[in-house]
Amino acid sequence: MLKKKFAINWTVHCCLISHKMKVVVAAELCIFLLSASCLLLLSSGFQLHSKPYDYSATTKCVKEPHRAQYGGGIIVNPGFDYNIKGWTVVGNGTIEGRTSNDGNRFIVARNRTQALDGFSQKVQLKKGLIYIFSAWFQLSEGSEIVSVVFKTNGSELVHGGHVIAKHGCWSLLKGGIVANFSSPAEILFETENPTVELWADSVSLQPFTKKQWRSHQDVSVERVRKSKVRFRVTHPNETVLEGATVVIKQTRADFPYGCAMNHYILSNSDYQKWFVSRFKYTTFTNEMKWYSTEKIQGEEDYSIPDAMLQFAKENGISVRGHNILWDSPNRQPHWDLTLSPDELRVAAEKRLNSVVSRYKGKLIAWDVMNENVHFHFFEDKLGENISAEYYSAAYHLDPNTKMFMNEYNTIEFSGDKDASPANYIRKLKEIQLFPGTAGIPLAIGLQCHFSTGVPNLAYMRSGLDLLAATGLPIWLTETSVDPQPNQAVYFEQILREGFSHPAVQGIVMFVGPKQAGFNSTLLADANFKNTAAGDVVDKLIREWGTGPQTAIADNKGIIDISLHHGDYDVTVTHPLTKYSKTMNISVRKGFSLETVHVKMHA
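As the structure is a prediction and not an experimental result, all values here were calculated from the model.

J.: Give a detailed account of the sheet that holds strand β5 (residues 105–110), specifying residues and quantitative values.
T.: By definition, the strands of a sheet pair up through backbone hydrogen bonds, in either a parallel or an antiparallel sense. Ordered by their spatial adjacency, 5 strands build an open sheet running β4-β5-β12-β7-β10, and the pairing between neighbours is antiparallel. Since the sheet does not close on itself, it has two edges, and those belong to β4 (94–99) and β10 (171–178), each with one partner. In this sheet, adjacent strand axes meet at a mean angle of 35° when their direction is disregarded. Relative to strand β12 (residues 198–208), β5 runs antiparallel, the two being bridged by 3 bridges. Bridging across to β12, Val108 finds its partner in Trp199.

J.: Give me the pattern of salt bridges: which residues, what numbers.
T.: One pass over the structure, following the stated rule, counts 24 salt bridges. Residue Glu238 pairs with Lys599 through a salt bridge whose shortest N-O separation is 3.3 Å. Note that Glu238 is positioned in the loop between β13 (226–234) and β14 (245–253) and Lys599 in strand β30 (residues 593–599), a separation of 361 residues in sequence. On the basis of relative accessible area, Lys599 is assigned to the partly exposed category, the value being 32%. Here Lys427 and Glu430 are joined by a salt bridge, their closest N and O atoms 3.7 Å apart. Here Lys427 pairs with Glu430, and both are found in helix α9 (residues 421–433), just 3 residues apart, close to one helical turn. With a relative accessible area of 43%, Glu430 lands in the partly exposed category.

J.: I'd love a proper account of the layout of surface pockets, names of residues and values included.
T.: For the largest pocket, the calculated volume is near 980 Å³. Residue lining of the largest pocket: 42 residues in total, with Arg225, Asp254, Phe255, Pro256 and Phe499 positioned closest to the centre. Every element with two or more residues in the lining of the largest pocket is listed here: α1 (27–44), α2 (210–224), β14, α10 (457–468), β23 (504–509) and α12 (532–546). With 7 residues, the top contributor of residues to the lining of the largest pocket is α12. Within the lining of the largest pocket, the residues separate by chemical class into 21 nonpolar, 10 polar and 11 charged. Size it by volume and the second largest pocket reaches roughly 680 Å³. Forming the walls of the second largest pocket are 34 residues, and the residues nearest its centre are Thr285, Asn286, Lys289, Tyr291 and Phe510. Elements represented by at least two residues in the lining of the second largest pocket include exactly α4 (290–293), α5 (303–314), β17 (318–326) and β22 (474–481).

Procedures and definitions
Residues numbered from 1 in each chain as written. Predicted model: local features only at pLDDT ≥ 70, side-chain atom pairs only at ≥ 80, totals over all residues. Heavy atoms only, no water. Pairing = 2+ DSSP bridges. Helix = DSSP H or I, 4+ residues; strand = E, 2+ residues; numbered from the N terminus. Axes fitted to C-alpha atoms, helices over the stretch in contact; angles between N-to-C directions. Salt bridge = Lys/Arg side-chain N within 4 Å of Asp/Glu carboxyl O. Buried < 20%, exposed > 50% of the residue type's maximum accessible area, 1.4 Å probe, protein only. 1 Å grid on protein atoms, 1.4 Å probe; cavity = no way out; pocket = protein on both sides within 12 Å on 5 of 7 lines; lining within 4 Å. Points joined across faces, edges and corners; volume = space filled by probe spheres on them. Nonpolar A, V, L, I, M, F, W, Y, C, P; charged D, E, K, R; others polar.

In structure tokens, the structure reads:
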């Protein structure tokens with residue numbers, strides 16, 4: 001960790017050194033991000049004033065806070081080097097500056113009586129800008145959720161992020177807000193228990209334009225989703241063949257991008273053709289769930305999911321298992337609500353053993369205990385560690401399949417603190433620390449159901465940053481957007497945000513055509529004509545690598561091209577010699593420039 005007096009300043013020059021700023025990243029990582037970002041910005045043609053995004057985050061509680069990201073952005077006195085200048089008291093209580101034994105300065109709010117009492121700073125929000133917020137918090141005692149709240153229009157309160165702060169160490173809150181209108185805003189901080197002292201340091205609020213935000217995505221895609229390939233086209237005698245044409249067609253994408261599927265696929269040939277022509281990954285919407293396979297206690301019927309799985313296998317489609325158990329009391333087989341705890345335990349264990357054993361080795365993932373950050377039906381009935389027990393049991397039955405938590409509102413709605421990244425990670429750690437779960441291939445599933453209104457991309461990206469700090473794979477598992485005038489626009493924004501984030505390893509949409517009964521995010525109407533959202537999906541399928549690309553060799557017989565990771569069919573022809581050659585190549589993460597030497601024969 002860097003000390004407070006050293007930092008890297010992300011400026012127009014990309015590499016100025018300042019002694020007044022703090023950073024969140026270690027020196028080695030900072031240097032890497034600096035060089036990589038600068039090179040990518042230059043090579044991609046972006047202007048140097050397009051400030052790079054700092055994806056770094058940590059879930060650890062540390063002895064001293066790291067420096068403020070972006071030097072604090074538009075925050076005045078972000079590191080409290082000038083005592084509490086720029087900060088004012090809110091509500092009851094008092095605020096003061098303090099200095100730790102190691103010389104670190106921070107602000108303290110004490111003698112509070114209400115949840116929002118404490119310190120604040122006023123800023124001016126500008127319509128259309130995306131604001132990333134971060135700060136470090138500590139409490140005088142205990143453990144408590146701390147939230148950042150933006151007060152706009154004099155009274156409207158918008159949550160921007162949450163962290164579980166503790167006594168004795170500093171925790172990072174990372175979040176943000178999208179400004180839907182220009183307005184003065186007051187930054188407030190909320191705790192449910194106002195009797196504890198609230199400490200804060202390294203506060204940052206950094207605005208980005210939509211153009212800058214998109215440039216972050218493009219730079220990230222170039223860095224984590226693509227690699228450069230050089231084709232060198234020659235005659236067998238090594239004479240270069242200028243003007244040779246290379247046509248590149250992706251046959252399989254390395255990044256899993258799929259769509260939900262339901263039972264209509266078994267009887268609707270139009271639905272089958274529509275699906276198979278687009279997707280190689282899926283999740284069954286309801287057909288594998290307990291309430292579908294055992295409607296009457298003791299009478300299991302897997303005929304529909306079996307047939308759907310066979311259809312998927314015949315068409316090269318990988319399937320996520322959704323789900324083994326669901327922690328919501330409203331999503332149980334109706335008969336299990338009347339069972340005693342002992343009877344429920346027997347029934348749940350029978351269900352787990354049945355479904356996991358039946359599909360062992362046939363799926364790429366299991367949603368083990370669905371939505372058990374929000375809900376706790378099984379915990380209430382069978383004990384607080386029951387989720388961890390079921391994760392362990394599922395793993396030992398099917399050890400080569402990733403075991404997912406799967407939750408909603410973790411990155412799509414900042415107002416739901418119950419499912420915030422901090423609470424998600426807390427539940428995840430409970431499972432990881434339970435005896436018998438060591439070595440389980442856990443993964444993070446984020447449903448990503450966005451409701452009406454402008455999506456808070458700042459909260460989404462910062463939440464992904466925090467979850468990425470766990471080091472576990474992340475998938476967007478059920479992506480959708482509620483019907484609204486700008487649905488297709490928002491849907492594209494969300495999909496691009498997920499695809500471009502370095503930690504996301506797959507996306508499955510819970511959407512589909514009208515003939516299959518979908519009514520939220522429709523991709524096709526009753527005649528299988530694309531909706532606006534369907535056009536977005538098809539455009540991204542092409543853009544993310546599956547569309548054919550054509551390039552012409554230069555006077556050295558060379559073609560340099562950046563390709564999304566995946567498998568490709570390549571056809572090379574020369575207009576004068578009439579030579580032609582076909583080949584297959586695989587482009588994978590891990591090489592900066594792969595050279596393919598094409599020797600053209602008659």
